[in-house]
Amino acid sequence: MEQQYQEQEFTRNIDPKLWLGLLKQALPYKYLMMAVAALMTFMAVLDSMLPLFTKYAIDNMIIPKNTDGIVVFSLLYIAVTFIGFITVAAFIHLTGKVETGMNYDLRRKCFAKLQAMHLAYYDRTPTGWIVARLNSDISRLGDIVAWGVVDIAWSFAYIVIVSAIVLVLSWKLAFILILLLPIIAYISIRFQKKLLKLYRLVRRLNSKITHGFGEGIHGAKTTKTLVREDANLSEFSELNYEMYSSSVKAAVASALFMPMILMVSSIGVGLVLWLGGLATLKQSISFGALVAFISYTMQLFEPISNVARLFAEMQNGQAAAERVFSLLELEPEIISSVPWDETWARRSMKGEIELDNISFAYKDGQPVFSDFTLYIAAGESIAVVGETGTGKTTLVNLICRFYEPQLGVIRIDGMDIKEIPMKWIHSQLGYVQQVPHLFQGSIMENIRYGRLDATDEEVMEAARLVNAEPFILNLPDGYYYQVGESGNLLSTGQKQLLAFARVVLANPRLLILDEATASIDTETESLVQEAMDKVLQNRTGIVIAHRLSTIRRVDRILMMHLGKIVESGSHKELMHQKGKYYRLYMNQFMQETADAEFAKEA
Amino acid sequence: MKSLRFVFEFAKGLKLRYLAAMMLIIIAAIFSFMNPLIIRFSIDSVLGGKAPDMPFGITRPGQSLIDFLRANLWLAGLLIVAVSAFSHGCTYLRSRISAAVAEEFARRIRNRLYDHIQRLPFAWHSKVQTGDIIQRCTSDVDTVRRFIALQFVQLGRSVFMVALILPIMLSMSPKLTLYSTLVVPIVFVYAFVFFRQVRKRFKAQDEAEGFLTTTLEESMSGIRVVKAFAREEYEINRFEKAALDYRNKSRGLITVMAWYWASSDALCMLQIALVLIFGIGMTVSGQVSLGTLLAFSSYIGMLIWPIREMGRVLTDMGRAQVSITRLKEILDTPTEDVEGIVPDAGIKLKGEIEFKQLSFAYESGHSILTNINLKINAGETIVILGATGAGKSSLTNLIPRLFDYQSGQILLDGVELNKYNRHYLRKQIGIVLQEPFLYARSIKENIGMGLASCHDDEIVIAAKEAVLHNTIAGFEHGYSTVIGERGITLSGGQRQRCAIARALVLNAPILIMDDALSAVDTETEERIQRNLRRRKGLATTIIITHRLSSVSLADRIVVLEHGKIIQMGKHDELIQVPGVYQRIWNIQHMLEEEAAG
């Protein structure tokens, strides 16, 4: 799925401003990059010198039949090889340092930016999209910048030095090389562009194929019951054939590239052999020079196709750069106008909450609340009930300041929520989600997330309080059991208990509980219930409730319907009204009773 | 050997082409070896005036020819171009063919895998890990493809190169051949050993990257927790630590690679230096000609770089073998049989289902259903109640033969269920699963999916019955809205309703709903039930639920517990007899009184 976001078409020309911006990101590595450029220039000198060794050997030793100086010659040659060895090791090492360093910096910056973003941003941006930006896009940029320096420095220096050498050796023959340059450049650029396009298509199809397999496997049961096997296969085969033909097309094009380039070089070699040969016959150049010319001609394509590839990659990477910059330039919409300082750190929330004439819509024209008013006294516990889509979660979103109302004021402890540092609200707040979210790592770490400076003993105490300890101790490493990605090695109920322990440890003044609807086994459920009771004591609590046992425990019940509180009061009062709450309760009660009865029988 | 058989199995009709590719490698290699010989001849004899010594006893060209060539030196140049054209042309053809063969090969494997996976019994699907299977179908196939398209060809090329160059070199100068190949085996072994050793580091880097990705993903998907606990800074630290670890591992790897590339480069250069240095001595002492020395220099350049690559290719080959084993594991699993009775097209199933002393256990031996005796009449509506794990879903999985039962009988219209052709059977059943799967296609296609062809009207009617029509009408593209595209997702309840419409449109003699309304809100549920009530009698209907609200639809109610039927009968009967059912309904009265009082 990620691929879909990644593979947008961008066929514009290279935008220098964008790449300059990217180079700015590489500023901390400017000395390293200069060193790499210097090394590559040096490397080009070495590379272009080697044919001269052969030339010297032919003209000064082989033809005159004279082995004087062969020792020095050999030592020099080996010395060049050795220096080359050091240079190569050094430049790869340094370039790797620039590349990985840049990637690291960019990732860090983007991540910090993301953490500052308000929740609405996450609601409209898929996680996969963000992950692709921070993984592949950033890697690609680091790669282009760091190795781009290598390619450009070496290629440029090599072409300049070789041009100078051949001009000195014979300016007439040098014309052959200079003639070949643009031809090779033209072919290289054409091909690289075409190849990138073709391979992009292959990648896109490949992600479709992956998706196809995923659908085939995830949907196996449905496919079987609908007897869709043949229809699915024929659809998949079509896609597969498309993949085949575009892969072959790309492979054929890339198969043509090197032979074409080498063909052009060998035309050059043929010309050099002919014209250079004539020149040696006329003694206007030496044998050695002829041989050197031939090797220069054969190697000429390398720097050019390197640069062509770099430009093609830059063109392709431009979209990545744009997307990464779009991340870096994000502006959070919800920010605290009051800075966080020590006085706030010492201040404890009373937990009085007031929503005053709130109007809110996620999307224009689809209001969730209009003129919504609600007062929750400090220490009061509230249950919010109602069908899905009536604004229960939105209420939580607003109180937590995950979202901001378009109209109206929200006050906590009598202060406008906008005039309180967000960190303070969140540090006084406990929130347990419907689907508990854990992080990879140990149970200990996951509970400690609630209060980072808690001791092991405090963590265990919190676990004990919510009845989580028995199951924890049954796990292989107890508190040090690794819960896996997103806690997936634990059951939903177990995750729920840990989420409670986490919030108990945080000891918040305001607790918001989004009760799980997912059925967890009865035994765990009663543990969760008990834990919830303890958690709700001595603080303001707002529970989005699904279970009767929870509903009956709170001070006040709010029955919501279509963004309005339609009924409000104690359980008893609402039952007497025989309205919406009564119906919901009867339904729910019957259901829960049935579940319990069935479970009891079982 | 088994991997070889695997490769041959998919290679029908491709072998000849692949062989042609191999032949082209040889031809290309031969042509590319001619260039240095042409240059050698040109320099030694045409330009240098030496008597030519031809390898392999080719007749020496006469002096007159050499004089002619000297006068027309362009011919030598042209010859080089011509030979190159042949060599590069062959290389191009070879790459083309081997790529086409490999892609065709991959295409066949992918089709086979897809087909096979779809036909594997559902028991297989319920126990495998999807991610792992997808990985096999994509990256393992790609590993095999690369092996065929590139690695094997590269290997073949290197072998042919050595086999062809050595005789040419030996024929020119055995002594210089020895000097030219001194370092070659070292380069090969060095590369081979290095890449084997460095695999661990690659793996460590991959793992660090995986950890970084997970950290990132978790932080994004858990952003509410992060924000609610004000843990932004903590998350930043955690991410930076992971990113730093990945950076350091990458750097470590690059440094190792830097030393490797530099040193193996140096080794190769050393070999080239050896040829030149010893060659100079031998040329000066007249043992070889200048042209020969130059030819050797060219040959060693052609030889040593592919040899170095071979070390890497060989370590990669092990991976292809592993991939083949992983693919074979899937393809060797037997598919479900589709033999069995298919009644004539004219005969419609009545839909009478009878369970007789039926017991069922999964492969693991865990017993699910024991001694089920239940006769469901054609057109009857049965509601099955029971706690999670009571065996309700297993019971329904048996009817479309997603699993096969081991003991007892299920009779459909009086015929043993296991005797029916699976596909025929499934077409007679409209089934709604608890977690319905929708395809990434338009809503219309999703609803009409079970039918070969189906009219738009029928789809709209089914959607209306499933109380989905108004929701769909609210979408910008209505019934053509593609699910999963541009962030269009359906809620759990909407997905269930879509699946209900998909089952209703079939008008099949049997309808099974497996907890199909669990995510639908009460109001909508009531409306769907009203619609279902209108259809009563049209199909034998089995409704599995743990929701009491569904019992109003039932002709008869079955209470399942621990895989056994503990109560069965009409609602009015069941509330008269002591048992779970009665207890539940009694509580309602109490409740109503409580509210009134």
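Residues numbered from 1 in each chain as written. Chains lettered and ligands numbered in written order. Predicted model: local features only at pLDDT ≥ 70, side-chain atom pairs only at ≥ 80, totals over all residues.

(A) Representation of the interface of chain A and chain B in the model. In this assembly, 124 residues from chain A lie in contact with 119 residues from chain B. With 28 residues, helix α9 (residues 229-281) of chain A is the largest single contributor of residues to the side of chain A that touches chain B. Each residue belonging to the side of chain A that touches chain B can be placed in one class, and the counts come to 65 nonpolar, 43 polar and 16 charged. (Contact = placed C-beta atoms within 7 Å. Helix = DSSP H or I, 4+ residues; strand = E, 2+ residues; numbered from the N terminus. Nonpolar A, V, L, I, M, F, W, Y, C, P; charged D, E, K, R; others polar.)

(B) Layout of the pairing of strand β2 (residues 367-376) of chain A. Residue and element names in this part refer to chain A. In the sheet, strand β1 (residues 353-361) pairs with β2 via 6 bridges, with the strands oriented antiparallel. For Ala361, the partnering residue across the bridge sits in β2 and is Pro367. Adjacent in sequence and paired antiparallel, β1 and β2 are bridged by 5 residues, among which Gly365 carries a positive phi angle near 85 degrees. (Pairing = 2+ DSSP bridges.)

(C) View of the pairing of strand β1 (residues 353-361) of chain B. All names here are of chain B. In the sheet, β1 pairs with strand β2 (residues 367-376) via 6 bridges, with the strands oriented antiparallel. Within β2, the position partnered with Leu358 by the bridge is Ile372. Where β1 folds back onto β2 in an antiparallel hairpin, the turn is made up of 5 residues, including Gly365, whose phi is positive at roughly 95 degrees. In this structure, β1 lies alongside strand β4 (residues 407-412), joined through 5 bridges in antiparallel fashion. The residue bridging Ile353 from the neighbouring strand is Leu412, located in β4.

(D) Here's a closer look at the sheet that holds strand β5 (residues 415-416) of chain B. Strand order in the open sheet formed by 4 strands is β2-β1-β4-β5 (chain B), with antiparallel pairing between adjacent strands. Each edge of the open sheet carries a strand with a single partner, namely β2 and β5 of chain B.

(E) Expanded view of the sheet that holds strand β4 (residues 407-412) of chain A. All names here are of chain A. With respect to topology, 4 strands assemble into an open sheet ordered β2-β1-β4-β5, the strand pairing being antiparallel. Edge positions in the open sheet fall to β2 and β5 (415-416), since each of these has one partner strand only. Taken together, the 5 bridges between β1 and β4 define a ladder with antiparallel strand orientation. Counterpart to Asp356 in the pairing with β4 is Val409. Helix α13 (residues 392-399) rests against β1, β2 and β4 of the sheet, and its axis sits at about 115 degrees to β1. (Axes fitted to C-alpha atoms, helices over the stretch in contact; angles between N-to-C directions.)

(F) Quick peek at helix α15 (residues 456-465) of chain B. Residue and element names in this part refer to chain B. Within α15 the residues assigned to the buried category are Ile459, Ala462, Ala463 and Glu465. Considered in projection along α15, the buried side chains sweep an arc of 160 degrees and stay on one side of the axis. Facing away from the buried side of α15 by over 90 degrees, the exposed positions are Asp456 and Asp457. Turning to α15, the residues buried within the fold contact α14 (443-448), α16 (469-474), α17 (492-504) and α18 (522-534). Of the residues trailing α15, Val467 is marked for its positive phi of about 55 degrees. (Buried ≥ 20, exposed ≤ 12 C-beta atoms within 10 Å, placed from the backbone. Arc of directions from axis to C-beta.)

(G) Fine view of the packing of helix α6 (residues 127-169) of chain A against helix α11 (residues 301-328) of chain A. Residue and element names in this part refer to chain A. With their axes 8 Å apart at the nearest point, α6 and α11 run at an angle of 150 degrees to one another. Relative to α11, the element α6 lies roughly antiparallel. Like other packed secondary-structure pairs, α6 and α11 cross with a definite hand, here left-handed. When the residues that make up the contact of α6 with α11 are grouped by side-chain class, the tally is 15 nonpolar, 4 polar and 6 charged. (Parallel < 35°, antiparallel > 145°, perpendicular 65-115°, else oblique. Left-handed = near helix turned anticlockwise from the far one by under 90°.)

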